[in-house]
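# Fold and contact review
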Amino acid sequence: MTELKGARERRVRTGGIELCVAELGETGRPTVLLVHGYPDSKEVWSEVAVRLAEEFHVVLYDVRGHGRSTAPVPLRGGFTLEKLTDDFLAVADAVSPDRPVHLVGHDWGSVQGWEFATVPRTEGRIASFTSMSGPSLDHFGHWIKRRMNRPTPRRVGQLLGQGAKSWYVYMLHTPVLPELAWRGPLGKRWPRILERVEKVPAGDYPTSSLPDDAAHGAWLYRDNVRARLSRPRPDAYAHAPVQLIVPTGDAFLSDRLYDDLGAWVPRLTRRTLPAKHWVPRTRPDQLSSWITEFVRAHEEPVAGAPKQVAASVKSGVRPEYAERFGGQLVLVTGAASGIGRATAFAFAEAGARVVAVDRDAEGAVRTAEMARLIGAPEAWGEAVDVSDEQAVEKLAAKVEDEYGVVDVLVNNAGIGLAGSFFETSSEEWARVLDVNLWGVIHGCRHFGARMVARGQGGHIVNTASAAAFQPSRALPAYSTSKAAVLMLSECLRAELAGQGIGVSAICPGIVNTNITATTRFAGVSDAAEEKRRQKKASRLYGLRNYPPEKVADAILGAVLHDRAVVPVTPEARGARLLSRLSPGALRALARWQPPA
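Residues numbered from 1 in each chain as written. Predicted model: local features only at pLDDT ≥ 70, side-chain atom pairs only at ≥ 80, totals over all residues. Heavy atoms only, no water.

### Quick word on the overall build of the chain
Secondary structure summary: the chain contains 22 helices and 17 strands in total. Over its C-alpha atoms the chain spans a radius of gyration of 27 Å, differing by no more than 12% from the 25 Å that the globule rule assigns to 596 residues. Projected onto its principal axes, the C-alpha coordinates of the chain cover approximately 90 × 55 × 45 Å. By residue count, 57% of the 596 residues in the chain fall in the buried class. (Helix = DSSP H or I, 4+ residues; strand = E, 2+ residues; numbered from the N terminus. Rg over C-alpha atoms; globule rule 2.2 N^0.38 Å. Buried < 20%, exposed > 50% of the residue type's maximum accessible area, 1.4 Å probe, protein only.)

Given below as structure tokens:
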């Protein structure tokens with residue numbers, strides 16, 4: 001049997017059984033109690049527990065009949081929610097007798113957690129509850145009854161959809177067969193199934209107790225599901241604040257199950273996570289971040305604990321952004337100024353963990369420092385030239401090793417270049433393509449490959465331009481680079497669709513950023529003349545005064561709604577429309593010669 005490294009173990013006796021309880025972290029700190037699901041043991045939490053133990057007193061226990069806890073005799077009737085609540089209270093009293101615990105549950109651990117958080121006898125023992133991939137059976141029962149009593153095509157579709165996802169529940173109610181399967185071929189193949197289907201990393205999980213755990217755990221379903229769904233409690237209101245984490249790729253539970261949850265939970269925080277069911281193993285970094293934030297928000301500061309301010313939803317931040325991006329790892333290139341900087345701030349305000357990347361080291365650090373102040377305590381800056389593939393590859397490896405796989409990549413770094421085709425030298429062509437196109441390719445290759453390998457989805461945003469579909473005699477190199485970025489995004493979107501990874505191309509028009517102050521003018525050898533043209537372009541962009549913050553908002557919206565191509569600014573939308581309806585008009589406009 002695998003043991004949690006560095007854990008202190010104790011046995012807690014309750015109701016004729018003995019529970020195996022493991023503890024990590026300092027006992028004087030807030031207690032976070034993790035409850036596992038089916039067919040797991042407490043080791044499913046090992047990656048999350050180690051991270052949380054840096055700040056909290058973390059407790060895990062094997063549910064009765066699982067892992068190193070003993071099983072009730074007889075099994076029938078030994079796994080009711082009432083008896084599981086007795087177990088929880090016994091563990092909570094043993095590890096945190098004087099303070100309420102912060103409860104976290106996954107799968108059947110979450111189903112149990114809903115019972116603990118809604119029955120009167122646990123009131124005052126739970127400071128907060130984080131639920132993932134496991135609904136309250138009472139809430140589920142009411143959800144079914146409402147849809148059956150007032151059927152509509154949409155409600156019938158929801159019932160049928162969840163009914164199809166719940167196929168395994170029917171199987172587990174059959175006598176003997178589940179036990180034979182788990183102690184036979186299914187138990188042997190289960191680790192490989194998790195690796196292939198759920199993308200769970202191979203290692204010391206699941207433990208060798210899996211066949212017995214799964215056989216015993218079938219009684220969780222038999223003792224509770226039909227009884228509670230047919231007669232749900234009418235008073236199943238949560239007496240503690242609840243954080244609901246919904247994996248959008250969960251094969252067993254529809255997110256529609258939680259549509260009515262606000263009526264049962266007065267203090268509800270909802271998060272969505274692009275991942276599959278077994279998030280404690282596939283997304284421990286994200287879960288640890290969200291759990292930490294939620295516990296901090298509902299716990300008084302403790303001496304010796306890191307003094308960090310938990311990110312919260314601020315006025316002006318859209319709730320759907322906080323729900324989607326809170327705690328996610330977001331990397332933005334070209335983040336020292338302009339659109340990149342505004343995008344880093346927008347994700348920070350939504351509670352994301354932000355990596356600000358720019359070849360301007362001081363600018364990247366300044367952006368990260370500001371991001372920490374406005375909502376991203378784990379923001380940091382990195383100095384990288386995106387045209388250098390080795391540097392990008394090294395950054396991708398560093399970020400993965402130290403912080404995890406990036407959830408959202410924003411390839412925003414770019415440079416401007418004006419001037420006619422024949423005035424633009426080969427060196428100037430190479431430089432604009434190296435940054436604007438190859439920088440995007442390098443980011444997609446090295447960060448995108450890690451998203452694919454993780455197998456839990458993600459999103460890539462590539463900043464193109466309205467110049468991508470609007471030809472111009474004055475911007476041949478720049479327009480070509482941005483048109484290539486647009487087509488690259490479209491191709492990559494098609495390729496990665498089956499991996500659950502979205503790709504969006506953002507196409508701004510005239511935006512008030514400092515790109516004009518650094519734009520090179522091909523064929524202009526006099527530095528003073530080039531400076532004059534830069535100032536003139538900057539004045540024009542300033543008069544237009546379209547703020548980069550609006551582009552940043554479009555980027556967050558593109559990720560949230562998985563949009564393919566997003567023209568930003570009225571002129572960009574107009575050019576996009578003309579490119580479809582009247583490309584000849586765009587070609588005529590392209591002949592216009594702007595005054596020098």
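Picking up where we left off.
### A word on the nonpolar core
By size, the foremost hydrophobic cluster in this structure holds 85 residues, and its most contacted members are Y61 and F88. When residues of this core are assigned to their parent elements, the largest contribution, 8 residues, is made by helix α2 (residues 81-95). What F88 contacts, discounting residues up to four positions off in sequence, is L33, Y61, V101, L103, F116, T122 and I126. Ranked by size, the runner-up nonpolar core spans 44 residues in total, among them F447, A468, F469 and A572. (Core = buried A, V, L, I, M, F, W, Y, C linked by side-chain atoms within 4.5 Å. Contact = heavy atoms within 4.5 Å.)

### Here we look at the packing of helix α16 (residues 426-454) against helix α17 (residues 476-496)
Pairs of packed helices are described in terms of their axes, by the angle between the two and the distance that separates them. Interhelical geometry of α16 versus α17 gives an angle of 15° and a closest axis separation of 8 Å. Viewed along their axes, α16 and α17 adopt a mutual orientation that is roughly parallel. Read as a crossing pair, α16 and α17 show a hand that is right-handed. Facing W429, V432, L433, N436, L437, V440, I441, C444 and V452 of α16, the residues of α17 in contact are P476, A477, Y478, T480, S481, K482, A484, V485, L488, L492 and L496. (Axes fitted to C-alpha atoms, helices over the stretch in contact; angles between N-to-C directions. Parallel < 35°, antiparallel > 145°, perpendicular 65-115°, else oblique. Left-handed = near helix turned anticlockwise from the far one by under 90°.)

### Side note on the sheet that holds strand β4 (residues 57-61)
The strand order across the open sheet built from 8 strands is β1-β2-β4-β3-β5-β6-β7-β8, with neighbouring strands paired in mixed fashion. Looking at which strands have only one partner, the edges of the open sheet turn out to be β1 (8-14) and β8 (268-273). Sheet twist, expressed as the average angle between the axes of neighbouring strands with direction ignored, equals 20°. Pairing of strand β3 (residues 31-35) with β4, which is carried by 5 bridges, proceeds in the parallel orientation. Bridge pairing links L33 to V59 in β4. The sheet contacts of helix α11 (residues 284-297) involve β3, β5 (101-106), β6 (126-132), β7 (242-247) and β8, and relative to β8 the element is tilted by about 170°. (Pairing = 2+ DSSP bridges.)

### Things to note about helix α8 (residues 185-198)
Between its terminal C-alpha atoms α8 stretches 19 Å, which fits the 20 Å expected from 14 residues at 1.5 Å a residue. Helix geometry: α8 is bent most strongly at P191, by close to 40°. Listed as buried for α8 are G187, W190, L194 and E198. Those residues of α8 that are buried lie in contact with α7 (177-182), α9 (210-230) and α10 (279-282). Once α8 finishes, K199 follows within two positions and takes phi at roughly 60°, a positive value. (Expected span 1.5 Å × (residues − 1). Bend = angle between axes of the 7 residues up to and from the residue.)

### A few points about the pattern of salt bridges
A complete count under the given rule lists 37 salt bridges for this structure. Taking the shortest distance from any N to any O, the salt bridge between R68 and E9 comes out at 3.2 Å. Of this pair, R68 sits in the loop between β4 and α2 while E9 sits in strand β1, placing them 59 residues apart in sequence. For R68, a relative accessible area of 26% corresponds to the partly exposed category. (Salt bridge = Lys/Arg side-chain N within 4 Å of Asp/Glu carboxyl O.)

### Structural notes on the pairing of strand β2 (residues 17-24)
For β2, a buried count of 8 out of 8 residues is recorded, marking the element as mostly surrounded by other parts of the structure. In β2, alternate side chains face the same way, and those of I17, L19, V21 and E23 on one face and E18, C20, A22 and L24 on the other are all buried. Bridge analysis of β2 against β4 gives 4 bridges, and the strand direction is antiparallel. By the bridge assignment, V21 is partnered in β4 with Y61.

### Quick look at unusual backbone geometry
Each neighbour pair has its own omega, and for Y38 with P39 the value is 0°, a cis peptide bond. Structurally, P39 can be placed in the loop between β3 and α1 (46-52). Cis peptide bonds are those with omega within 30 degrees of zero, and the linkage from V73 to P74 qualifies with -5°. By secondary structure assignment, the location of P74 is in the loop between β4 and α2. Phi angles above zero are rare outside glycine, and K199 is one such case at about 60°. Structurally, K199 is set in the loop between α8 and α9. Assessed through its relative accessible area of 36%, K199 is described here as partly exposed.

### Concerning the domain arrangement of the chain
Annotation of the chain at the domain level lists domain 1 (8-308) and domain 2 (325-587). Each of domain 1 and domain 2 was reduced to a C-alpha centroid, and the two centroids are 41 Å apart. Taken together, the contact between domain 1 and domain 2 spans 13 residues of the former and 13 residues of the latter. Carbon and sulfur atoms supply 38% of the area buried between domain 1 and domain 2, which totals about 1,100 Å² over both sides. Across the contact surface, domain 1 and domain 2 share 2 salt bridges. The residue R353 makes a salt bridge to D285 at a minimum N-O spacing of 3.7 Å. Put simply, the parts of the chain that give the side of domain 1 that touches domain 2 at least two residues each are β8 and α11. Here the side of domain 1 that touches domain 2 gets 4 residues from one element, more than from any other, and that element is α11. (Domains from an automatic or database assignment. Buried area = accessible area lost by both parts, 1.4 Å probe.)

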